[in-house]
Amino acid sequence: TIEETKEATVKVLKTLFNILFDHKVIMNAVILKVNMTVSGKENPVDAPEIVGEKTLEMIHEGASVGLAGIVFLSGGQGATSATKNLNVIVKNHDGKPWDLTFSFERALTDPSLTSWAGKDENLIKAQKEFSLEKELQNQGEAEILMQLPPLAEGNYSAIIELTANGQTLSTKTF
């Protein structure tokens, strides 16, 4: 269940941070890359509101206050589910004590990599599938990319290309 996932993750996080404290790791130099709290695969999929609530409970109960930030993994969720869940987390997070962001490479790339299958004749189809426009904007969740702050001071850059039907609609550089 989602409650069991939350409890297990909190236990692991508390153990992790106890070890880090014992070794005098400077917490404000640590970025935690962690799962969202979702039910196991044998259970029904939880609504994003429940995932958001349980994930926020999990990080507040298990994560160190002094962290530089928290990065959420998609954890095997598809891009749409992971983005909806993250959107609820971000909307319900008051910004304290951590900045939040995400790392969804697998969720965003797996469908297109599967379509491509290493074959040149599948390349165009795979490129069309790798479309944030299709996965995010159509779900009304694309704004999440703009809501999340960088985790620490410094220079960061990313290029996001929005495509539909194989045509580039826009390119943003951050």
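The shown structure was predicted, so the numbers you read here are calculated from the model rather than taken from an experiment. (Residues numbered from 1 in each chain as written. Predicted model: local features only at pLDDT ≥ 70, side-chain atom pairs only at ≥ 80, totals over all residues. Heavy atoms only, no water.)

**What about the pairing of strand E1 (residues 31-34)?**
Argument step 1. The side-chain alternation of E1 yields one buried face, formed by Leu-32 and Val-34, and one unburied face, formed by Ile-31 and Lys-33.
Argument step 2. Across 4 bridges, E1 lies against strand E2 (residues 69-73) in parallel orientation. When the sheet's bridge partners are listed, Leu-32 is paired in E2 with Ile-70.
Argument step 3. Viewed along the sheet, the connection from E1 through helix H2 (residues 48-62) into E2 turns out right-handed. (Buried < 20%, exposed > 50% of the residue type's maximum accessible area, 1.4 Å probe, protein only. Helix = DSSP H or I, 4+ residues; strand = E, 2+ residues; numbered from the N terminus. Pairing = 2+ DSSP bridges. Right-handed = clockwise from strand over helix to strand, strands pointing away.)

**Concerning helix H1 (residues 2-22)**
Given 3.6 residues per helical turn, the α-helix brings residues three or four places apart onto the same face.
Argument step 1. Taking 1.5 Å of rise per residue, the 21 residues of H1 would be expected to cover 30 Å, and the 30 Å separating its terminal C-alpha atoms lies within 8% of that figure.
Argument step 2. Lining the buried residues of H1 we find E1 and H2. (Expected span 1.5 Å × (residues − 1). Contact = heavy atoms within 4.5 Å.)

**Looking at the pattern of salt bridges**
Charged atoms that come close allow side chains of opposite charge to pair.
Argument step 1. Following the criterion strictly, the structure yields 5 salt bridges and no others.
Argument step 2. For the salt bridge of Glu-3 with Lys-54, the shortest nitrogen-to-oxygen distance reads 2.9 Å. Of this pair, Glu-3 sits in helix H1 while Lys-54 sits in helix H2, placing them 51 residues apart in sequence.
Argument step 3. One salt bridge connects Lys-6 with Glu-61, and the closest N-O pair in it is separated by 3.2 Å. Here Lys-6, found in helix H1, pairs with Glu-61, found in helix H2; they are 55 residues apart in sequence, far enough to count as distant.
Argument step 4. One salt-bridge network, held together by shared partners, links Glu-3, Lys-6, Lys-54, Glu-57 and Glu-61. (Salt bridge = Lys/Arg side-chain N within 4 Å of Asp/Glu carboxyl O.)

**Digging into the layout of surface pockets**
Argument step 1. Reported here for the second largest pocket is a volume of approximately 370 Å³.
Argument step 2. Val-38, Ser-39, Lys-41, Val-45 and Gln-77 are the residues nearest the centre of the second largest pocket, which is lined by 16 residues in total.
Argument step 3. Broken down by secondary-structure element, the contributors of at least two residues to the lining of the second largest pocket are H2 and helix H3 (79-92).
Argument step 4. Considering each element in turn, the lining of the second largest pocket owes the most residues, 3 residues, to H3.
Argument step 5. For the lining of the second largest pocket, the class distribution of residues is 5 nonpolar, 8 polar and 3 charged. (1 Å grid on protein atoms, 1.4 Å probe; cavity = no way out; pocket = protein on both sides within 12 Å on 5 of 7 lines; lining within 4 Å. Points joined across faces, edges and corners; volume = space filled by probe spheres on them. Nonpolar A, V, L, I, M, F, W, Y, C, P; charged D, E, K, R; others polar.)

**Some thoughts on the sheet that holds strand E3 (residues 100-103)**
Paired through backbone hydrogen bonds, the strands of a sheet run either parallel or antiparallel to each other.
Argument step 1. Spatially, E1-E2-E3 is the arrangement adopted by the 3 strands of the open sheet, whose pairing is parallel. The sheet terminates laterally at E1 and E3, the two strands that pair on one side only. Within the sheet, the average angular offset between the axes of one strand and its neighbour, ignoring direction, is 25 degrees.
Argument step 2. Note: E2 against E3, 4 bridges, orientation parallel. Among the inter-strand pairings, Leu-73 is bridged to a residue of E3, identified as Ser-103. (Axes fitted to C-alpha atoms, helices over the stretch in contact; angles between N-to-C directions.)

**A word on the packing of H2 against H3**
Argument step 1. Two numbers describe how H2 lies on H3: the axes approach to 8 Å, and their chain directions differ by 55 degrees. Between H2 and H3, the angle is such that the two are oblique. Of the two elements, H2 crosses H3, and the hand of that crossing is right-handed. Residues Pro-48, Glu-49, Val-51, Gly-52, Thr-55 and Leu-56 of H2 form the contact with H3, whose participating residues are Lys-84, Asn-85, Val-88, Ile-89 and Asn-92.
Argument step 2. The residue makeup of the contact of H2 with H3, split by class, is 5 nonpolar, 4 polar and 2 charged. (Parallel < 35°, antiparallel > 145°, perpendicular 65-115°, else oblique. Left-handed = near helix turned anticlockwise from the far one by under 90°.)

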